[in-house]
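Observations on chain architecture
Letter by letter, the chains look like this.
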There are 2 protein chains.
Amino acid sequence: MNKFLKTLIAGATLAAVAGTASAQQFKPEDQIQWRQSAYQVMAWNMQRIKFNVEGQYNKDEVVKAANTIAAIANSGMGSLYGPGTDKGKGWHNTAVKPAFFTNGQKVGELAMAFTKEANEMSKVAAAGDAAAAKAQFGKLGQTCKACHDDFKAKD
Amino acid sequence: MNKFLKTLIAGATLAAVAGTASAQQFKPEDQIQWRQSAYQVMAWNMQRIKFNVEGQYNKDEVVKAANTIAAIANSGMGSLYGPGTDKGKGWHNTAVKPAFFTNGQKVGELAMAFTKEANEMSKVAAAGDAAAAKAQFGKLGQTCKACHDDFKAKD
């Protein structure tokens with residue numbers, strides 16, 4: 001399976017259409033709560049990185065934060081967008097737009113870009129250069145924003 | 001710094017006493033919400049592993065799940081137990097018991113045991129043997145339970 005196809009699957013489209021094992025296994029409200037939790041864990045770690053690249057740089061903190069984001073990026077969150085999760089409540093009502101479930105190619109592209117930059121953030125963090133980490137943090141943030149702009153409803 | 005001391009820090013005690021950079025930076029309600037989110041992401045991934053070791057084993061799924069748990073185990077969650085987080089609400093009222101904040105050595109030991117077994121789960125998952133994964137999943141679950149028994153209030 002090529003990388004693009006893999007990412008399409010990770011990116012929820014095929015999961016949403018066909019239903020993965022875990023999508024079939026887990027209740028829609030659990031899937032929504034878990035994906036909302038995963039985004040919060042990423043938000044925590046993005047803020048940790050921001051705090052470091054804008055202030056006193058602590059390599060160990062940035063490594064931990066970047067590795068956590070990368071692990072979630074590679075976790076297969078697509079399976080948390082299974083059938084019946086287009087509406088409903090986890091911790092709160094889902095913010096996903098209906099278009100997420102009908103724009104598989106775009107979702108896949110955005111997911112692939114995010115995963116690529118998250119993995120790169122992890123590598124850059126390990127190298128320990130604060131300026132490079134700041135630049136990569138900016139790139140990573142752009143891939144979050146790109147998906148939010150298209151597929152996350154405003155508060 | 002030796003491994004035990006590192007884990008003590010990861011295990012929240014020194015973070016709670018001295019306040020780490022992120023504990024000082026982030027609001028108590030954010031710290032509580034983020035740690036509750038992190039536990040939910042671990043719950044999702046524990047259930048994914050359970051589903052695989054009790055049913056049809058998919059190595060790739062277990063690897064992703066185990067790596068996500070290990071990354072969170074190594075993320076430095078101790079910093080999310082900063083001053084003012086012994087009570088209060090994230091997604092819901094915190095379930096942490098007051099004793100968590102006054103039993104540093106025990107918390108450190110439990111955190112070290114959990115991180116050890118989470119890292120081992122990741123290695124075992126990569127090796128791909130279903131029976132070994134099931135055994136390690138059991139060990140890992142025991143380290144979760146040990147901490148819940150002592151420091152998590154019942155619903």
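Note that the structure is predicted; figures quoted are calculated from it, not measured.

**Digging into the relation of the copies chain A and chain B**
Overlaying chain A on chain B yields an RMSD of 0.0 Å, the required transformation being a rotation through 180° with an accompanying axial translation of 0.0 Å. Accordingly, the operation relating the two chain copies is best matched by a two-fold axis. Relative to the rotation axis, the closest C-alpha in chain A is found at Ser37 of chain A, a distance of 2.2 Å. A symmetric contact is evident, with 100% of the interface residues of chain A recurring at the interface of chain B.

**Some points on the packing of aromatic side chains**
Inspection of every chain in the model, using the stated rule, returns 13 aromatic pairs over all chains. Where Phe26 of chain A meets Phe51 of chain B, the ring centres are 6.5 Å apart and the plane angle is 50°; that geometry is what we call tilted. Of this pair, Phe26 of chain A sits in the loop between helix H3 (21-25) and helix H4 (28-54) while Phe51 of chain B sits in helix H4 (residues 28-54), which puts the two residues in different chains. Take Phe51 of chain B: its relative accessible area is 27%, and that puts it in the partly exposed class.

**Let's talk about the pattern of salt bridges**
Tallied over the entire structure, the rule returns ten salt bridges over all chains. Glu117 of chain B is paired through a salt bridge with Lys116 of chain B; the nearest N and O atoms lie 3.4 Å apart.

**With respect to the nonpolar core**
As a rule of thumb, nonpolar side chains are buried together in soluble globular proteins. Counting residues in each nonpolar core, the largest one holds 51 residues, and the members touching the most others are Ile49, Ile69 and Met121 of chain A together with Ile49, Ile69 and Met121 of chain B. Within the residue set of this core, elements represented by two or more residues are H4, helix H5 (59-73), helix H6 (104-127) and helix H7 (130-151) of chain A together with H4, helix H5 (59-73), helix H6 (104-127) and helix H7 (130-151) of chain B. Apart from residues lying up to four places away in sequence, Ile49 of chain A is in contact with Val62, Ala65, Ala66, Ile69, Met121 and Phe137 of chain A.

**Comments concerning the environment of Thr115 of chain B**
Residue and element names in this part refer to chain B. Mapping Thr115 onto the fold places it in helix H6. Taking the C-alpha atoms as reference points, Thr115 and Ala132, 17 residues apart in sequence, are found 18 Å from one another. If sequence neighbours within four positions are ignored, Thr115 has contacts with Ala73 and Asn74.

**Looking at the packing of H4 of chain B against H7 of chain B**
Residues and elements named next belong to chain B. Contact pair H4 / H7: the axes reach a minimum separation of 10 Å and the direction vectors enclose 145°. Where H4 crosses over H7, the two elements pack in a sense that is left-handed. Residues Met46, Ile49, Lys50 and Val53 of H4 touch H7, and the partners they reach there are Ala130, Ala133, Lys134, Phe137, Leu140, Gly141 and Cys144. For the contact of H4 with H7, a count of residues per class yields eight nonpolar, one polar and two charged.

**Side note on the confidence of the model for chain A**
All names here are of chain A. Across chain A, the average pLDDT comes to 89, with 84% of residues at or above 70. Looking across chain A, the model is least confident in helix H2 (residues 13-18), with a mean pLDDT of 40, and most confident in H7, with 98. Under a pLDDT of 50 for its full length, residues 11-19 has, in the predicted model, 26 contacts with residues more than four places off or in other chains. Two numbers describe this predicted complex: its pTM, 0.87, and its ipTM, 0.87.

**Quick word on the interface of chain A and chain B**
Listed by partner, the interface residues are 29 residues for chain A and 29 residues for chain B. Between chain A and chain B, a total of about 2,500 Å² is buried, with carbon and sulfur atoms accounting for 71% of that surface. A per-residue breakdown of the area chain A buries against chain B is headed by Trp34, Trp44 and Trp91 of chain A, which together make up 28% of the total. Counting across the chain A and chain B interface gives zero salt bridges. The interface formed by chain A and chain B includes six residue pairs in polar contact (both at pLDDT 80 or more). Among the elements of the structure, H3, H4 and H5 of chain A are those that each provide at least two residues to the side of chain A that touches chain B. Among the elements that take part in the side of chain A that touches chain B, H4 of chain A stands out by supplying eleven residues, more than any other. Taken together, the residues of the side of chain A that touches chain B sort by class into 13 nonpolar, 13 polar and three charged.

**Details of H6 of chain B**
Under the 1.5 Å per step criterion, the end-to-end length of H6 of chain B is 35 Å for 24 residues, consistent within 8% with the ideal 34 Å. Downstream of H6 of chain B by a residue or two, Gly128 of chain B has a phi angle that is positive, lying close to 90°.

**Considering the environment of Gln40 of chain B**
Position of Gln40 of chain B among the secondary structure elements: in helix H4. Put simply, Gln40 of chain B and Ala131 of chain B are 91 residues apart on the chain and 26 Å apart in space, counted from C-alpha to C-alpha. In contact with Gln40 of chain B, not counting residues within four places along its chain, are Gln33, Trp34, Ser37 and Trp91 of chain A.

The rules we used
- Residue positions within a chain follow its written sequence, with the count starting from 1.
- Here chains are named by letter from A upward and ligands by number from 1 upward, in the order in which they appear as written.
- Reporting of local features is limited, given that this is a predicted model, to residues whose pLDDT is at least 70; pairs of side-chain atoms are given and counted only at 80 or more, and all residues count toward the totals for whole chains, interfaces and linings.
- With hydrogens and water set aside, each side-chain value is computed from the structure's full complement of heavy atoms.
- To superpose the copies, least squares is applied to the C-alpha atoms of every residue with a pLDDT of at least 70 in both.
- By definition, residues are in contact when any of their heavy atoms lie within 4.5 Å.
- Two aromatic rings from Phe, Tyr or Trp, using only the six-membered ring of Trp, form a pair when their centres are within 6.5 Å; if the ring planes differ by under 30 degrees the pair is stacked, by over 60 it is edge-to-face, and anything between is tilted.
- Strands here are runs of E lasting at least two residues and helices are runs of H or I lasting at least four, both read from the DSSP assignment and numbered beginning at the N terminus.
- Three labels apply to residues, based on accessible area from a 1.4 Å probe with only protein chains included: buried if under 20% of the type maximum, exposed if over 50%, partly exposed otherwise in between.
- What makes a salt bridge here is a side-chain nitrogen of Lys or Arg within 4 Å of a carboxyl oxygen of Asp or Glu, nothing more.
- Here, the term nonpolar core denotes a set of buried Ala, Val, Leu, Ile, Met, Phe, Trp, Tyr and Cys residues that are joined through side-chain atoms within 4.5 Å.
- To obtain each axis, a line is fitted to C-alpha atoms, and for helices this fit is confined to the stretch in contact; angles are then taken between N-to-C directions over 0 to 180 degrees.
- Each crossing gets its hand from how the near helix is turned against the far one by less than a right angle, where anticlockwise is left-handed and clockwise is right-handed.
- Note on residue classes: Ala, Val, Leu, Ile, Met, Phe, Trp, Tyr, Cys and Pro are nonpolar, Asp, Glu, Lys and Arg are charged, and everything else, Gly too, is polar.
- A score from 0 to 100, pLDDT tells how confident the predictor is in each residue.
- Buried area counts how much accessible surface, traced with a 1.4 Å probe, disappears from two parts once they are put together, with both parts' losses summed.
- We define a polar contact as two N or O atoms separated by no more than 3.5 Å, with the added condition that, inside protein, one atom must be a possible hydrogen donor and the other a possible acceptor, whereas residues neighbouring each other in sequence contribute only through side-chain atom pairs.
- Helices are assigned an expected span. That span is 1.5 Å times one less than the residue count.

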